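Understanding the architecture of this molecule
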Amino acid sequence: MNIIVVGCGKVGLTLARQLRQEDHAITIIDVDKDRLEAAVGAMDIQGVLGNGTSHRVLVEAGVEQADLLIAVTDHDEQNMLACLIAKKAAGCQVIARVRNPSYYEDIDFIKGELGLSMVINPEWAAAQDIYRLLQIPSALDVDTFDRSQVNMLRFQIQPESPLDGKNMMAVNSMLGGRMLVCIREREGQIVIPRGSTELRAGDKISVIIPRVEIAAVLHRLKLRQVPIRSVMVAGGGSTTEYLTGLLQRSGVQVKILESNMDRCEVLAERLPKAQVIHGDSTDRQILQEEGLPNAEAFVCATGIDEENIMLALYAARVSGAKVITKISRIDFEEVVEDLNLGSVVYPKNITAENIVRFVRALGNASGNNVETLYQLLDGRVEAMEFVVQPSAAAVTGIKLQELGLKKDLLVCCINRKGKIITPTGQDTLEIGDIVVIVTTAKGIRDLGDIVR
Amino acid sequence: MNLSMIAYIVGCVLEIEAALLLLPAGIGLLHGEQTGWAFLAVAAGAALIGLIVVLRRPKNTSFFAREGLVATALSWLVMSAVGAIPFRITGQIPHYLDALFEMVSGFTTTGASILLELERLDKCMLFWRSFSHWIGGMGVLVFMLAILPLAGSSGQNLYLMRAESPGPTVDKLSPKMRSSAAWLYGIYLGLSLLDFTLLMIGGMTAFDAACLTFGTAGTGGFGVVGSSFAGYSMMCKVVTTIFMLLFGMNFNLYYLLILRRFRDALKMSEIRWYLLVFLFASGTILLNLRGAGILGRDAQPIDAFFSVSSIMTTTGYATVDFDRWPTYSRMILVAIMFSGACAGSTGGGIKISRFMIYFKAVSKELRRMAHPRSVRHLRIDGKRVEDGTMQNTFVYLVVFVAIYAASVLILALDDFDPTTTFTAVAATINNIGPGLGRVGPAGNFSGFSYLSKCVLIFDMLAGRLEIYPLVIFFLPSTWRKQA
């Protein structure tokens, strides 16, 4: 597929890399020559120097042959304009990044009028991610599968956990099949578990749990499940603004630390119920004064990644709060993982996941599209949700153990007319089911791809 | 420096060369020539060595500008060294260095020969000589990029393409390297087939038509008979004049035409300059020849057009001995030896696009002297030429002149006349083939000492790879360990 990416920033580059890996032809447009040179030198894509809102530049980038244009410059207005021009000039699919909250309020109107196929808002997505984490504070990550009504939780096994030293069979019988372990991480190694795989304290595991069972399962695992009532947020950017809105709707108290007085004024006006503190969030005195040691949750969402990391490490040291760190820019995911920051949210990855899913669906004719896609653990594992359509006859009606599934691929959950089945080798896929699959195999676009 | 990755690339090149060597082997066996077996033997050897290298696929595939330059230079050296072996082991060219000269001349699309009598060479040898032009014209690494999934989706292979393709700036035609390379080779193959068909219609035998098409397409210039093009029909001469010009044009033009972006294609100023230079040179030579009373007697108008097209695109075919033309005509021919063809073509020389930059930079500088505060950007086709590109272009000229001067000095030790010495270097470093004097269309390079031949081999490679890869390759600091 021919894809044009307008804007060579962090999101643009992440997108270009991911989509190129899926073997699409990528042309990237930017006004900065040096950034463009670096991008073209690092991956097999074409660069076009110029303003992506200019028709001439878009034509030079081949918009007439393009299937999709993704506008992710720093300016919402430019993104929308680039999409509008591409849509009118070439009729291709267009995706714009719109992140200014005042535009985003009317996003459905804008989307319809401009003919956007999709709108991405990394800040909004990050806020939703953080919100979910605050609801289940014992989890390191929470990913939701809305169609099948299950969540994927990732957490670390503590020394006194009932899971320590058990193998999969024992875990299953202990929890009565209400939870399925689908990934085990140990010392940087990723394993898609089988029946005999053993768990140990210190391992990080990702599990699929039906939403209605979450509380019960967490109780059995002796994990904390008290909902958080108050949250302290460092940094008052767009993510914070979205997050505060979400939290206040469910009655959580929010305290925001922001160093820019003008921004404080804006926040105070838009979020009247939140407590806005004007002060530098890296100042220990202020953190103490505002009660960090007794905070229930602390979200590090300033505009500077290094500052967020420092704050998270400090907060973990002085308090028992649930700490969530937002990392927007820096690229050392494995180092960040080693720091044991707890929950980390990467807005650019969330955005890329959505677009990769969209592009896979666009390129897939048979209709068994990926409904939801998560790229986990630095992209080494993918978790996907499918609806089984009649065209997937090749994989329906056959017992899973006889299907010849790909290696390192696990069918984690089947939602059959609202009833959630944790599948065993005896189960089958049927038309109308919603299934969740976890795999280390790359490039699965269609449900038919799960068999060897 | 990632040596294992460089070795891997050279191994791939060996595999490709082994496959290409099967073609002359087949031609030899078809004509019942025993020498065909030599190609088969060398192909087998190259395939084996290549396989040993390629099977050890490097773990560290990181690959940057420096590796790209070195890998390109090394690939071309190895390719020529291997390609020369059949000439030596069959005894058709007794000395290995002579064989290497002939082969480098082939791959670099120069067409300078040390052979006295072409007619004594076997058909398969003639074929391999000409076929090497076709391979070298577009470049073997570009071919490799078209067929091998090298380094997957990373951008590293752009460095290889930049090192091998001519011109001050090199960019991909389409977003994917592989399809860009495939497009280039597709256009190349299509034009070659058209040329071949027209030459056949013009009355050539299939063998001659194939060999001369290879020479035209790669802008090489090896003939199949001693008299080069003189003995062929009028139609063949006209067709070849036109196709030499076509292969000397920037291949972006054809890509734009295929995409039906006619307006952009028409706007390519390099093509316009190129055609203007062609018309000016052939026009003045025609007038000069008429004034000297040669036109109509010893030379026809087509000969003037043919010679200009042949020299300017750095092909080097000849229909007449232009060394006997008046001085003015000969000087024009020497001048267009240096201007060369367009960037992004198969031709050599300094390239029209570089001269456009020189010309515009000089006029900008002169204007700045009159108006010291004027701010002005240098533009080509409406696009700004970056300062880095401009610097690089000027440095290119300096290094070019330096290598040229040093080569002339070494060649002077052979004590030939100045015209021969000067144009021998010009004809090799610009990848043309024939010069003037003893190396003119009627002469050849066999008279030079082996030292001079080595220098000319270096010049031919430097000219084809546009100097930098080869210079970087021989620079000691490239090989020093760095943190």
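Calculation notes
- As a convention, each chain's residues are numbered from 1 in the sequence order in which they are written.
- The lettering of chains begins at A and the numbering of ligands begins at 1, in the order of writing.
- Per-residue local features are limited, in this predicted model, to residues with pLDDT of at least 70; the limit for side-chain atom pairs, both in listing and counting, is 80 or more; totals at the level of whole chains, interfaces and linings are taken over all residues.
- Counting from the N terminus, the helices are DSSP H or I runs at least four residues long and the strands are E runs at least two residues long.
- Radius of gyration: over C-alpha atoms. The globule rule applied is 2.2 Å multiplied by the number of residues raised to the 0.38 power.
- Neighbour counting defines burial: a residue surrounded by 20 or more other C-beta atoms within 10 Å of its own C-beta is buried, one with 12 or fewer is exposed, and intermediate counts give partly exposed, using backbone-placed C-beta atoms.
- Contacts here follow a simple rule: the backbone-placed C-beta atoms of the two residues must lie within 7 Å.
- Note on residue categories: nonpolar means Ala, Val, Leu, Ile, Met, Phe, Trp, Tyr, Cys or Pro, charged means Asp, Glu, Lys or Arg, and polar means any other residue, Gly included.
- Residue ranges for the domains originate in an automatic or database domain assignment.
- Working rule for helices: expected span equals 1.5 Å times residues minus one.
- By the convention used here, strands pair only if DSSP detects at least 2 bridges between them.
- Here is how to tell: hold the view so the strands point away, follow the path from the first strand over the helix to the second, and if it runs clockwise the crossover is right-handed.
- One nonpolar core equals one set of buried Ala, Val, Leu, Ile, Met, Phe, Trp, Tyr and Cys residues connected by C-beta atoms within 7 Å.
- Lines fitted to the C-alpha atoms define the axes, with helices restricted to the stretch that makes contact. Angles between their N-to-C directions range from 0 to 180 degrees.
- When describing relative orientation, an angle under 35 degrees is termed roughly parallel and one over 145 degrees roughly antiparallel, while 65 to 115 degrees is termed roughly perpendicular and anything else oblique.
- Each crossing gets its handedness from the near helix: less than a right angle anticlockwise from the far helix is left-handed, clockwise is right-handed.
- For every residue, the pLDDT score states the predictor's confidence, bounded by 0 at the bottom and 100 at the top.

What follows covers the overall build of chain A. Of regular secondary structure, chain A possesses 15 helices and 22 strands. On C-alpha atoms alone, chain A measures out to a radius of gyration of 23 Å, which is about the 22 Å that the 2.2 N^0.38 rule sets for 452 residues. Taken along the three principal axes of its C-alpha coordinates, chain A extends 65 × 60 × 40 Å. In chain A, which comprises 452 residues, the proportion classed as buried is 45%.

Our next topic: the overall build of chain B. On a plain count of helices and strands, chain B comes out with 21 helices and 2 strands. For 483 residues, the compact-globule estimate of 2.2 N^0.38 gives 23 Å, and chain B sits close to it at 22 Å. Principal axes of the C-alpha set define a box for chain B whose edges measure 65 × 65 × 50 Å.

A word on the interface of chain A and chain B. With 13 residues of chain A at the interface, the matching set in chain B holds 11 residues. Taken together, the residues of the side of chain A that touches chain B sort by class into 6 nonpolar, 4 polar and 3 charged.

Taken as a whole, chain A is organised into domain 1 (2-120), domain 2 (140-220), domain 3 (230-345) and domain 4 (361-450). Taking the mean C-alpha position of each, domain 1 of chain A and domain 4 of chain A sit 31 Å from one another.

Residues lying three or four places apart along an α-helix face the same way, a consequence of the helix completing one turn every 3.6 residues. All names here are of chain B. If you check helix α14 (residues 301-312), its first and last C-alpha atoms are 17 Å apart, about what 12 residues at 1.5 Å a residue would give, namely 16 Å. Here α14 lies mainly inside the structure; 10 of its 12 residues are buried. Residues of α14 that are buried include every one of Asp 303, Ala 304, Phe 305, Phe 306, Ser 307, Val 308, Ser 309, Ser 310, Ile 311 and Met 312, and no others. Remark: Thr 314 follows α14 within two positions and exhibits a positive phi of approximately 65°.

This brings us to the pairing of strand β16 (residues 322-326) of chain A. All names here are of chain A. β16 sits mainly inside the fold: 5 of its 5 residues count as buried. Side-chain alternation along β16 places Lys 322, Ile 324 and Lys 326 on one buried face and Val 323 and Thr 325 on a second face that is also buried. Alignment of strand β15 (residues 297-300) against β16, held across 4 bridges, turns out to be parallel. Bridge assignment links Ala 297 to a residue of β16, and that residue is Lys 322.

Here the focus is the pairing of strand β14 (residues 275-278) of chain A. Residue and element names in this part refer to chain A. In terms of strand pairing, strand β13 (residues 253-258) meets β14 through 4 bridges, oriented parallel. Counted as the bridge partner of Glu 258 is His 278 from β14. For the crossover from β13 across helix α11 (residues 261-270) to β14, the handedness is right-handed.

To continue, consider the nonpolar core. Ranked by size, the top nonpolar core spans 273 residues in total, and within it Leu69(A), Ile70(A) and Val299(A) carry the most contacts. No other element matches the 14 residues that helix α1 (residues 3-30) of chain B contributes to this core. What Val299(A) contacts, discounting residues up to four positions off in sequence, is Ile130(A), Val231(A), Val233(A), Ala234(A), Leu243(A) and Ile324(A).

All names here are of chain A. Taken together, the 6 strands give an open sheet; going across it, the order is β3-β2-β1-β4-β5-β6, and neighbouring strands pair in parallel fashion. In the strand order of this sheet, the two ends are held by β3 (46-49) and β6 (118-120), each with one partner. Neighbour to neighbour, the strand axes of the sheet diverge by 20° on average, direction disregarded. Both strand β5 (residues 93-97) and β6 contribute to a ladder of 3 bridges, which runs parallel. Of the residues in β6, the one forming a bridge with Ala 96 is Val 119. Together, β1 (2-6), β2 (25-30), β4 (68-71) and β5 form the strand contacts of helix α1 (residues 10-21), whose direction differs from that of β2 by roughly 165°. Docked against the sheet, helix α15 (residues 347-362) engages β4, β5 and β6, running at close to 160° with respect to β6.

The next point concerns the sheet that holds β15(A). All names here are of chain A. Spatially, β14-β13-β12-β15-β16-β17 is the arrangement adopted by the 6 strands of the open sheet, whose pairing is parallel. Both edges of this open sheet fall to β14 and β17 (343-345), since each of them pairs with a single strand only. Averaged over neighbouring strand pairs, the angle between their axes works out to 20° when direction is ignored. Inspection of the sheet shows strand β12 (residues 230-234) paired to β15 by 4 bridges, in the parallel sense. Opposite Ala 234, over in β15, you have Cys 300 as the bridge partner.

All names here are of chain B. Put simply, helix α6 (residues 140-147) and helix α7 (residues 157-164) touch, their axes get as near as 8 Å, and they point 150° apart. Between α6 and α7, the angle falls in the class roughly antiparallel. Crossing of α6 against α7: the hand is left-handed. In this structure, α6 contributes Leu 141, Val 142 and Leu 145 to the contact, and α7 contributes Asn 157, Leu 160, Met 161 and Glu 164. Here the residues of the contact of α6 with α7 sort into 5 nonpolar, 1 polar and 1 charged.

In this section: the packing of helix α3 (residues 65-89) of chain B against α7(B). Residue and element names in this part refer to chain B. Contact geometry for α3 and α7: axes closest at 8 Å, N-to-C directions at 50°. Taken as axis vectors, α3 and α7 run oblique relative to one another. Between α3 and α7 the crossing geometry is right-handed. Contacts from Ala 65, Glu 67, Gly 68, Leu 69, Ala 71 and Thr 72 of α3 reach α7 at Tyr 159, Leu 160, Arg 162, Ala 163 and Glu 164. Its residues placed into classes, the contact of α3 with α7 shows 6 nonpolar, 2 polar and 3 charged.

What follows concerns unusual backbone geometry. Note on backbone geometry: most residues besides glycine have negative phi, and most peptide bonds are trans. In this structure, Lys417(A) is a non-glycine residue whose phi angle is positive, near 50°. Positionally, Lys417(A) belongs in the loop between β20 (409-416) and β21 (419-421). Phi is positive for Ile467(B), which is not a glycine, with a value near 65°. Note on placement: Ile467(B) falls in the loop between α19 (450-464) and α20 (468-474).

Let us now look at α3(B). Over its 25 residues, α3(B) extends 37 Å from the first C-alpha to the last, a length consistent with the 36 Å expected when each residue adds 1.5 Å. Residue Gly91(B) follows α3(B) closely and has a positive phi angle near 75°.

Here we come to the environment of Lys322(A). Residues and elements named next belong to chain A. By the element assignment, Lys 322 lies in strand β16. As a C-alpha pair, Lys 322 and Lys 87 span 235 residues in sequence and 45 Å in three-dimensional space. Sequence-distant contacts of Lys 322, defined by excluding residues within four places in its chain, comprise Pro 137, Ile 228, Glu 296 and Ala 297.

In this section: the confidence of the model for chain B. Per-residue confidence for chain B gives a mean pLDDT of 88, with 97% of residues at or over 70. The ipTM, which scores confidence in the relative placement of chains, is 0.76 for this predicted complex, and the corresponding pTM is 0.82.

With respect to the secondary-structure elements, Leu74(B) resides in helix α3. In this structure Leu74(B) touches Ile6(B), Val10(B) and Phe473(B), once residues within four positions along its chain are discounted.

Residue and element names in this part refer to chain B. Counting through the fold element by element, Ser 227 comes out in the loop between α9 (206-217) and α10 (234-247). By C-beta crowding, Ser 227 is classed as partly exposed, having 15 other C-beta atoms within 10 Å. Considered as a pair, Ser 227 and Tyr 317 are 90 residues apart in the sequence and their alpha carbons are 9.5 Å apart.

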